[in-house]
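Below, each chain spelled out in residue letters.
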Amino acid sequence: MKTRLFLALLAGVLLLDACKGSNYEAIRDEKAVSKTDAALGNADSTSVVTASTKLVKTADMRFKVKSVQQTGDAIAALTAKINGMVMHHQMQANIERSEDIRISNDSVKRVSAFSTTADMTVRVPSDKLEDYMTEVAHMGMYVTMRKMDIEDRTLDYLSEKLKLKNRQELVAQQKQGKVIIKNPVNVMLLKDDMVDQQIGNMRTDAEVKYSTISLSFYQSNTIVQETIANDDPSAYQLPFFKQLAIAMNNGWALFIEVMLGLANIWVFIVLSVVLWLLYRYYKRKHPAWFASGIKS
């Protein structure tokens, strides 16, 4: 009886130790997993924090200047000084109104009022954007509009980078024979997507490094006076006496032409005169016949 009781107590002690051991192992594994997750979480957070931020800056400005041409040259020089680049430059002058003042028969003074504007697109280092905008603003008389936008493309850049990594792994597995893609067109499309993603990220890097600025400036209307040839043909008439002499010469030439024309048809003229004389003669000799003919 005592032996059975001793064996039961011994079995209970062993069972209790086994339970404690299993609980200890479970707790130890749970702690290890939690440490691993914490490490991974710290690693992920560290990678996110240390990842470079992709900020794309763009700016617009419109301002009035004294001279559009001189300001355009100054902006180009300033852009080259900070290692930037002028991407677009267009200057345009529009005539608002014009008036011609006649100063002689063959010349007029043309007075024109025209407006001059210019548009420029430049790319400058992003870290010098604000200083560049301030210095350009000082070139003008006053600024009518100034704007700057910042677009955060960090997540888009990271997304394209991870997608590119997945595609690279898939292509590597396809080369090793682990993944079989039956249609070659799909492989080509996959590689094209990889190229597009690489180019897209390179374009983002370039836009992050260099900011794009659109500049528009103008000046007050300018008055220009110039003496030009008269383009009205009626202003180039000859003097009266010279025109009279030319008219008399033209009349004499016309008379000669008429005489020559009559000379060409003299036979018909003579025949007409003879017929007319015969008619008058018979009418005078036989008046009764002509009278009866008229009554009938």
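As the structure is a prediction and not an experimental result, all values here were calculated from the model.

## So, the confidence of the model for the protein
Right, on to step 1. Of all residues in the protein, 79% have pLDDT values of 70 or greater, and the mean over the chain is 78.
Right, on to step 2. A low-confidence stretch, residues 18-50 stays under pLDDT 50, and its non-local contacts, those more than four residues away or across chains, total zero contacts.

## Points about a negative patch on the surface
Right, on to step 1. Residues Asp127, Glu130, Asp131 and Glu135 make up a contiguous surface patch of negative charge.
Right, on to step 2. Along the chain, the position of glutamate 130 falls in helix H3 (residues 129-137).

## A closer look at the nonpolar core
Right, on to step 1. Core analysis: the biggest nonpolar cluster contains 20 residues, and Phe63, Ile75, Tyr132, Val136, Ile213, Leu215 and Phe217 have the highest contact counts within it.
Right, on to step 2. For this core, the elements supplying multiple residues, two or more each, are strand E1 (55-64), helix H2 (68-81), strand E3 (107-125), H3 and strand E5 (210-218).
Right, on to step 3. In terms of residues, this core owes the most to one element, H3, which gives five residues.
Right, on to step 4. Filtering out sequence-adjacent residues up to four positions away, tyrosine 132 remains in contact with Ile75, Leu78, Thr79, Ile82, Val122, Val124, Ile213 and Leu215.

## Some remarks on the pairing of E1
Right, on to step 1. Relative to strand E4 (residues 142-152), E1 runs antiparallel, the two sharing 10 bridges. Paired with threonine 58 across the bridge in E4 is aspartate 149.
Right, on to step 2. Pairing geometry for E1 and E5, over seven bridges, is parallel. Note that in E5 the partner of arginine 62 across the bridge is serine 216.

## Side note on the pairing of E5
Right, on to step 1. Note that E3 and E5 share nine bridges and pair antiparallel. Across the sheet, arginine 123 pairs through a bridge with threonine 212, a residue of E5.

## Quick word on the pattern of salt bridges
Right, on to step 1. All told, the structure shown has five salt bridges when counted by the stated rule.
Right, on to step 2. A salt bridge links aspartate 60 to lysine 147, with the shortest nitrogen-to-oxygen separation between them at 3.7 Å. A residue pair is termed long-range when its members are at least 10 positions apart, and aspartate 60 in strand E1 and lysine 147 in strand E4 qualify at 87 residues.
Right, on to step 3. Residue aspartate 60 is classed as partly exposed on the basis of its relative accessible area, which comes to 23%.
Right, on to step 4. Given a relative accessible area of 39%, lysine 147 falls into the partly exposed group.
Right, on to step 5. Note that glutamate 207 is salt-bridged to arginine 153, the shortest N-O span being 2.5 Å. Note that glutamate 207 is positioned in helix H5 (residues 184-209) and arginine 153 in the loop between E4 and helix H4 (154-176), a separation of 54 residues in sequence.
Right, on to step 6. Taken together, the shared-partner salt bridges connect Glu151, Arg153 and Glu207 into one network.

## Notes on the packing of aromatic side chains
Right, on to step 1. Applying the stated rule across the entire model yields two aromatic pairs.
Right, on to step 2. Stacked on the ring of tyrosine 157, the Lys or Arg lysine 54 has its end atom at 4.4 Å from the ring centre.

## Quick notes on the environment of serine 115
Right, on to step 1. Here serine 115 shows up in strand E3.
Right, on to step 2. What serine 115 contacts, discounting residues up to four positions off in sequence, is Gln92, Ala93, Asn94, Glu96 and Asn221.
Right, on to step 3. There is a polar contact of 2.9 Å between the side chain of serine 115 and the side chain of glutamate 96.

## Some details on the packing of H4 against H5
Right, on to step 1. Their axes nearest at 10 Å, the elements H4 and H5 cross at an angle of 150°. By the angle class used here, H4 and H5 are roughly antiparallel. You can see that H4 and H5 cross each other, and the crossing is left-handed. Packed against H4, whose contacting residues are Tyr157, Glu160, Lys161, Lys163, Leu164, Arg167, Gln168, Leu170, Val171 and Gln174, the element H5 presents Val187, Leu190, Lys191, Asp193, Met194, Gln197, Gln198, Asn201, Thr204 and Asp205 at the interface.
Right, on to step 2. Of the residues belonging to the contact of H4 with H5, the class tally is seven nonpolar, six polar and seven charged.

## Considerations on H4
Right, on to step 1. Spanning 23 residues, H4 covers 33 Å between terminal C-alpha atoms, matching the ideal 33 Å at 1.5 Å per step.
Right, on to step 2. Inspection of H4 places Thr154, Tyr157, Leu164 and Val171 among the buried residues, and these make up the whole buried set.
Right, on to step 3. Of the surrounding secondary structure, the elements contacted by the buried residues of H4 are E4 and H5.
Right, on to step 4. Positioned one or two residues after H4, glycine 177 has a phi angle of 85°, which is positive.

## Points about the side chain of serine 211
Right, on to step 1. With respect to the helices, strands and loops of the structure, serine 211 is situated in strand E5.
Right, on to step 2. Polar side-chain contacts of serine 211 include one of 2.8 Å to the side chain of serine 126.
Right, on to step 3. In this view, serine 211 contacts Lys57, Val122, Arg123, Val124, Ser126 and Leu129; residues no more than four positions away in its chain are not counted.

Cut-offs and rules
- Residues numbered from 1 in each chain as written.
- Predicted model: local features only at pLDDT ≥ 70, side-chain atom pairs only at ≥ 80, totals over all residues.
- Heavy atoms only, no water.
- pLDDT = per-residue confidence, 0-100.
- Contact = heavy atoms within 4.5 Å.
- Patch = residues over 30% accessible without salt bridge, like charges linked within 9 Å, V, L, I, M, F, W, Y side chains within 5 Å.
- Areas by Shrake-Rupley, 256 points an atom, 1.4 Å probe, with all protein chains shown as cover.
- Salt bridge = Lys/Arg side-chain N within 4 Å of Asp/Glu carboxyl O.
- Lys, Arg positive; Asp, Glu negative; His and termini not counted.
- Charge placed at Lys NZ, Arg CZ, Asp CG, Glu CD.
- Helix = DSSP H or I, 4+ residues; strand = E, 2+ residues; numbered from the N terminus.
- Core = buried A, V, L, I, M, F, W, Y, C linked by side-chain atoms within 4.5 Å.
- Buried < 20%, exposed > 50% of the residue type's maximum accessible area, 1.4 Å probe, protein only.
- Pairing = 2+ DSSP bridges.
- Phe/Tyr/Trp six-rings, centres within 6.5 Å; stacked < 30°, edge-to-face > 60°.
- Lys NZ or Arg CZ within 6 Å of the ring centre and 35° of its normal.
- Polar contact = N/O pair within 3.5 Å; in protein donor to acceptor, adjacent residues only side chain to side chain.
- Axes fitted to C-alpha atoms, helices over the stretch in contact; angles between N-to-C directions.
- Parallel < 35°, antiparallel > 145°, perpendicular 65-115°, else oblique.
- Left-handed = near helix turned anticlockwise from the far one by under 90°.
- Nonpolar A, V, L, I, M, F, W, Y, C, P; charged D, E, K, R; others polar.
- Expected span 1.5 Å × (residues − 1).

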